[in-house]
Amino acid sequence: MSRLAMKQKRSRKEKLKRAGWDEYFMNVAKVVSSRSTCDRKFVGALVMRDKTILSTGYNGSVRKLEHCSEIGHIMENGHCVATIHAEANAIIQAAKNGVCIDGATIYTTASPCWSCFKLIANSGIKRICFGEFYRDERIFEIAGKLGIELVKLSVAGGKTQ
Ligand SMILES: [Zn+2]
Ligand SMILES: [Zn+2]
């Protein structure tokens, strides 16, 4: 094979590199976050089991209410409380549609706040993959206690820890 042909073959292979599962689901969660309606923070979440997406959620106002990015945030202790968080909305979407998420994995672009962490724990989700760290250190200790795997993924979706 000529040197040029080898080079072409290699570059085609590089282009065809498939995303790993973690990378794939985190990328979808990132796309989901683009629907967020609170511009203070865009967060997306996705619940999956057996490599199948069960539900998704992004942080946004209560259904049928105005978006806080348009009418103003409702601030409490430095946080906007107008919205339902992405992870909560993903769990709600599953409930609304009658989808079992017991034993599932959640991908979220930011680590769960304490309230969302509690919802995740009681919903039976067993693995939490998050992008950036957000706000609450307690989740690490309690996740360990509950046997929930917490995995930090890099922006590209690969494991960093
Ligand atoms: Zn807001
Ligand atoms: Zn939350």
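Summarised in this report is the structure supplied together with it.

Basis of the calculations
Residues numbered from 1 in each chain as written. Chains lettered and ligands numbered in written order. Predicted model: local features only at pLDDT ≥ 70, side-chain atom pairs only at ≥ 80, totals over all residues. Buried ≥ 20, exposed ≤ 12 C-beta atoms within 10 Å, placed from the backbone. Helix = DSSP H or I, 4+ residues; strand = E, 2+ residues; numbered from the N terminus. Arc of directions from axis to C-beta. Axes fitted to C-alpha atoms, helices over the stretch in contact; angles between N-to-C directions. Parallel < 35°, antiparallel > 145°, perpendicular 65-115°, else oblique. Left-handed = near helix turned anticlockwise from the far one by under 90°. Contact = placed C-beta atoms within 7 Å. Nonpolar A, V, L, I, M, F, W, Y, C, P; charged D, E, K, R; others polar. Pairing = 2+ DSSP bridges. Right-handed = clockwise from strand over helix to strand, strands pointing away.

All of the buried residues in helix α5 (residues 114-123) are C116, F117, I120 and S123. Axial view of α5: buried residues confined to an arc of 130°, hence all on one face. Turned more than 90 degrees away from the buried face of α5 sit W114, S115 and N122, all of them exposed. G124 sits one or two residues past α5 and shows a positive phi near 95°.

Turning our attention to the packing of helix α4 (residues 86-97) against α5. Two numbers describe a pair of packed helices, the interaxial angle and the distance between the axes. Relative to each other, α4 and α5 sit at 30°, their axes nearing to 8 Å. Classified by the angle between their axes, α4 and α5 sit roughly parallel to one another. In the crossing of α4 with α5, the sense of the turn from one axis to the other is left-handed. From α4, E87, A88 and I91 reach across to α5, where they touch C116, L119, I120 and S123. Among the residues making up the contact of α4 with α5, the classes are represented as 5 nonpolar, 1 polar and 1 charged.

Take the sheet that holds strand β7 (residues 105-110) next. Pairing in this open sheet of 5 strands is mixed, and the strands run β2-β1-β7-β8-β9 from one edge to the other. Edge positions in the sheet fall to β2 (52-58) and β9 (149-152), since each has one partner strand and no second. When the angles between neighbouring strand axes are averaged without regard to direction, this sheet yields 20°. α4 contacts β1 (44-49), β2 and β7 of the sheet and is inclined by roughly 130° relative to β2.

Moving on, we come to the pairing of β9. In the sheet, strand β8 (residues 127-132) pairs with β9 via 4 bridges, with the strands oriented parallel. Residue pairing across strands places R127 opposite E149, the latter belonging to β9. Viewed along the sheet, the connection from β8 through helix α6 (residues 138-146) into β9 turns out right-handed.

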